[in-house]
Structure formats: structure tokens, C-alpha cells
Amino acid sequence: MILVDMTIVSVATPAILETYAPHGATVNDVIWVTSAYLLAYAVPILITGRLGDRIGPKRMYLGGLVVFTVASLWCGLSFALSTSIWMLVAARVLQGFGAAAVAPQTMAVITRIFPRESRGSAMSLWGATAGVATLVGPLLGGVLVDAAGWEWIFFINIPIGVVGLWLAWRLVPDLGVHEHSFDWLGVALSGVALLLLVFGIQEGHALDWNGTIIAMILGGLVVGAVFVWWQAKNTREPLMPLPLFRDRNFSLANVAIASVGFVFASMGFPLMLWAQLVRGDSPTQAGLLFAPMAVMSIVLAPLAGKLTDRVHPRILAGAGLAGVAVSLVLLASAIGPDTPLWQVLGAMALLGIGSSFVWAPLTTTANRNLPLHQAGAGSGIYNANRQVGSVVGAAAIAVLIDSRLAANGLGGGGGTSEASLGGTLPDAVHGAFSTAMSQAMFLLPAVLLVGLVAVVFFERPGHFGAAPAEPAPPAAH
């Protein structure tokens, strides 16, 4: 559900905009529906990993799932409660907090119950889940928007959440706990830094990059630097244990996953706007554009998991990231008013092939050398960096779409022309709109190159390529 809710909103963006545009909402405001979720997900995720270590990952998982499910109900009812889009944004913030409580527990449980030498296969199922979410999010979102309205992309979480609670209560094991102190100052500093940066980036174009916006971005960077200084100075138990970054693979995997998060959180917005407003696709048809990517990712995930325990991560993750980068260049080049469908589907299939060799190798390599008592902290840092990438990506694509629309003569910055983006576009502006979306998409392969450079410097992990451990013989009596 957490991964689906990162992608399901992108296909519903035109429908949400059509609902709220008469009440003053812009494209940028609607993208805040995703940015707010990602931001609320990213800020507390470091502390929720520690809380899982302290009170048990099962309890933390169940509590977070309750919050997520209740917040989904609020999201679905938001327009009935208020015609302001900021009511929906507030509900998404609560949903993000629930997601932050759940996410680190999934990786922590896998890390703690599977031995190092076979953890790659387990992580491949985790990666396959990401592939399923990539398909289910846009496709299910499209079907629900067409059949019942965008509110149902949130209502659908309620029965799934209830079933998930029951299954987790029965089946997820109770694992041992570890005592931790909590770095609340670190939480405050990291939250303020992210909020200043994201708000400054996403609202920069709308406010003409005035002095306040520049001050916010610079302030975010300064507060971020203070956060790092505090983590180094904190002698008790810092929120982000900097000694973990002495492991080269852990550090590089975090850089790579931030770039991957950036790309996958932002790619849907220009693609879905183009598909629905230029091609005239229904939300369901637009969602089906993701099908080749998701199918290839799901089919190849088991193979990627097996290879993760045998092939050097530099080769596996490097090839995967290179494939994703090439596919994004092809996809951005294909966005036009008269683009044949096969070009888009071919690029999406290549993206799925590449991404299937990204998730499991990066996740396994990041955590393979960490001590078990640091599993929660490590998975929290890893998830936090993925979410930081995601929230910055959503903010960056929002401001880039806004600026490219303006540069191509289609308004932007909250102009009156934005209201028309919730309906259909006249044929005369299809070319300009497609150019704007294509230009925005070219940001993504450029960012992904940062992750590709990082994985090139992976070293061979410890406990790598070993056969599964034999059970110990019974003790002599």
C-alpha cells in the first residue's frame, strides 16, 4: 500500500486538478498532494526505525498500518469536508506518517530473520513488491478514477489495511528488542532542513525565485549541515549513526537509492499529464503505459535475487541503472503530439528490465555488512535517503513542469490557463505541451547518472557468494 500510494496519485493528477481547479488549485498545488506524503514519510523515518528496534518491529508495523488506513479514509472524504486542496494535503501528511512507521520494519524483519548469504533472495521478493506496486498503482488508479472517481484511490486502502492488520497480527513474528535513546533534536533539524528545501524548490518558480525562496533554500542547506554536525557530536545515540557510513557499500548504496527515489517518484507526473491531455487516454489507458515496466520487473525479480547473492553488485546494479537511464532518454525523446504507442511501450519495457536489477542489489548491498543490532537504524537511513530523493524529485519535477509550461507559452505559476489542464487541451497546443513534458523528463536520466557513478565504486561485500550455512550438529550429551 505504501508503494502504491507513491504512484497511484500520478495517474489521478488530471482528475484531482479538474476537481480543485475551479476552487483555485494549480498543477503545482496538486503535486503537493504527493510531495506532502513523501515529505511526511521521509522526516520521521529515521526515528521510526529506532522505535521498531525498541518496541518491536511487529508493534510498530501494526501501529503505522492503523494510522495509514485511517488517513486513507480522511483522504477519500477530504473534498466532501472542504473544497480546499490543502485539506487533502493535510490528510496525505498523516498518511505519510503512517507509512514512515511501517516501511523500516519490512526491511528490518528481512534483515533479522534471513542469514547474510541468502538475504538476496528474500530481498528480491521485496523488490518484486516494488514492481507490483509500479503496475498496480497507475493501473488500479486509472480503473478507480474512471469507474468511481479519484476519491476511491484512497478508499481502496481501507479493506486492504484491515486484512493486512489481521495477517500481520497472526503471521509476523515477534522479534527481540534493543534499547535505544532518541535523538529528538536530530529529528527536528532534519525535518526543518527538508521542509525548507522542498518548499523552496517547489514554490520557487511560482514566487519568481524571490529573496524569501532563496533564503529558504540556503537555510535548508545550513540546517542540514547543522544536522550532520550534531550527528557527529552526539555521544549518546545519534539519529543517523555516522560510523555506519564507514562501510563504503552502505554509503554508496544510499547515494544510489536517493537518485532512484528521485526518478521513480517524479517520472509519472509529466508522463500521465501528456498521456491524458495530449493523447486523450483515459486514466485506465494511461495507467496501462506502466504495464511493460511492471511486468518485466516482476518477471525478472527472482532472477535478480539469485544473481544478487552471486554476481558483484557493481556489475548487477550498474547494468540496471544504465538500462534505466537509457530508457528514460528514449522515453523523454518519445513524448510528442504524434508519438507511436510502441515507442513509449518499448521504452517502458526497457525501464522495467533495468529496474529489476536495481532494487534487490542496492538493498542487499546496503545492509549486508551491518551488525544485526543496527538493522533498524540501517534500514531507516536507507529508506530515509530513498524518501529524501523522492520528495526532492517530486518538488523538482513540479517546478520544472511549471517553468517549462511557461517557457512554451502555456501559462504556469498559477495562471488562469492552468484550470484548463484539468480537462482537455485544444489541438493547437498539443505540440507545446508535449515539448514542455519532454523537457521536464530529461532531468531524470541526468540525476540517475549520479547513482550510476556511485555503484561503479562498490567493493565486493563480506559474506558474499558463500553457500548457505549448514545447521550445526547436535551437542554431545
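Residues numbered from 1 in each chain as written. Predicted model: local features only at pLDDT ≥ 70, side-chain atom pairs only at ≥ 80, totals over all residues. Heavy atoms only, no water.

You'll find the chain entered in an unreviewed UniProt entry as DHA2 family efflux MFS transporter permease subunit, with Nocardioides potassii given as the organism. In the Subcellular location (unreviewed entry) part of its UniProt record, the chain is described as follows: "Cell membrane". (UniProt positions renumbered as here; feature names shortened; annotations may be inferred.)

1. Considering the packing of aromatic side chains
Under the counting rule described, the total for this entry stands at eight aromatic pairs. Pairing Tyr 20 with Trp 150 gives two aromatic rings, centres 5.9 Å apart and planes at 45°, and the pair type is tilted. Highlighted residues: Tyr 20 in helix α1 (residues 4-20) and Trp 150 in the loop between α6 (119-147) and α7 (152-155), separated in sequence by 130 residues. For Tyr 20, a relative accessible area of 1% puts it in the buried group. Judged by its relative accessible area of 2%, Trp 150 falls in the buried class. Members of the aromatic cluster, connected to one another through ring pairs, are Tyr 20, Phe 79, Trp 150 and Phe 154. The aromatic ring of Trp 169 is capped on one face by Lys 58, whose charged end is 5.5 Å from the ring centroid. (Phe/Tyr/Trp six-rings, centres within 6.5 Å; stacked < 30°, edge-to-face > 60°. Helix = DSSP H or I, 4+ residues; strand = E, 2+ residues; numbered from the N terminus. Buried < 20%, exposed > 50% of the residue type's maximum accessible area, 1.4 Å probe, protein only. Lys NZ or Arg CZ within 6 Å of the ring centre and 35° of its normal.)

2. Observations regarding the nonpolar core
In terms of nonpolar packing, the biggest core is built from 125 residues, with Leu 362 and Ile 401 touching the most fellow members. The residues contacting Leu 362, other than those within four sequence positions of it, are Ala 253, Ala 256, Ile 257, Val 260, Ala 317, Tyr 382, Val 455 and Phe 458. (Core = buried A, V, L, I, M, F, W, Y, C linked by side-chain atoms within 4.5 Å. Contact = heavy atoms within 4.5 Å.)

3. Thoughts on the layout of surface pockets
The volume enclosed by the largest pocket comes to roughly 1,000 Å³. Residue lining of the largest pocket: 35 residues in total, with Tyr 61, Val 102, Thr 106, Trp 126 and Thr 129 positioned closest to the centre. For the lining of the largest pocket, the secondary-structure elements that each account for two or more residues are α4 (57-81), α5 (85-113), α6, α8 (157-171) and α18 (375-407). The greatest single-element share of the lining of the largest pocket, amounting to eight residues, is contributed by α6. Looking at the lining of the largest pocket, its residues break down into 28 nonpolar, five polar and two charged. There is about 620 Å³ of room inside the second largest pocket. Among the residues making up the lining of the second largest pocket, the classes are represented as 20 nonpolar, six polar and no charged. (1 Å grid on protein atoms, 1.4 Å probe; cavity = no way out; pocket = protein on both sides within 12 Å on 5 of 7 lines; lining within 4 Å. Points joined across faces, edges and corners; volume = space filled by probe spheres on them. Nonpolar A, V, L, I, M, F, W, Y, C, P; charged D, E, K, R; others polar.)

4. Some remarks on helix α16 (residues 341-356)
For an α-helix, 3.6 residues make a turn, and residues three or four places apart therefore share a direction. The end-to-end C-alpha separation of α16 is 23 Å, in line with the 22 Å expected for 16 residues at 1.5 Å each. Among all positions in α16, only Val 344, Ala 347, Met 348, Leu 351, Gly 352, Gly 354, Ser 355 and Ser 356 are buried. In this structure, the buried residues of α16 make contact with α11 (248-266), α12 (268-277), α14 (291-308), α15 (313-334) and α17 (359-367). (Expected span 1.5 Å × (residues − 1).)

5. Some remarks on the pattern of salt bridges
Per the counting criterion, the structure on display carries two salt bridges. Note that Asp 5 is salt-bridged to Arg 92, the shortest N-O span being 3.5 Å. Of this pair, Asp 5 sits in helix α1 while Arg 92 sits in helix α5; the two residues are 87 residues apart in sequence, bridging distant segments of the chain. Judged on exposure class, the residue Asp 5 and its partner Arg 92 are both buried. Where Asp 281 meets Arg 279, a salt bridge forms, and the shortest distance between an N and an O atom there is 3.0 Å. With relative accessibility at 12%, the residue Asp 281 sits in the buried group. (Salt bridge = Lys/Arg side-chain N within 4 Å of Asp/Glu carboxyl O.)

6. Points about the packing of α1 against α12
Across the interface, α1 lies against α12 with an axial gap of 9 Å and an inter-helix angle of 45°. As far as their axial angle goes, α12 and α1 are oblique. As α1 packs across α12, the resulting crossing turns out to be right-handed. Touching Ser 10, Val 11, Thr 13 and Pro 14 of α1 are Gly 268, Phe 269, Met 272, Leu 273 and Gln 276, all from α12. (Axes fitted to C-alpha atoms, helices over the stretch in contact; angles between N-to-C directions. Parallel < 35°, antiparallel > 145°, perpendicular 65-115°, else oblique. Left-handed = near helix turned anticlockwise from the far one by under 90°.)

7. Here we look at the packing of α12 against helix α19 (residues 430-441)
The interhelical angle for the contact between α12 and α19, taken along N-to-C directions, is 165°, at an axis separation of 9 Å. In terms of orientation, α12 lies roughly antiparallel with respect to α19. α12 and α19 meet at a crossing whose hand is left-handed. Contacts between α12 and α19 involve Pro 270, Leu 273, Trp 274 and Leu 277 from the first element and His 430, Phe 433, Ser 434, Met 437 and Met 441 from the second. In terms of residue class, the contact of α12 with α19 is made up of seven nonpolar, two polar and no charged.

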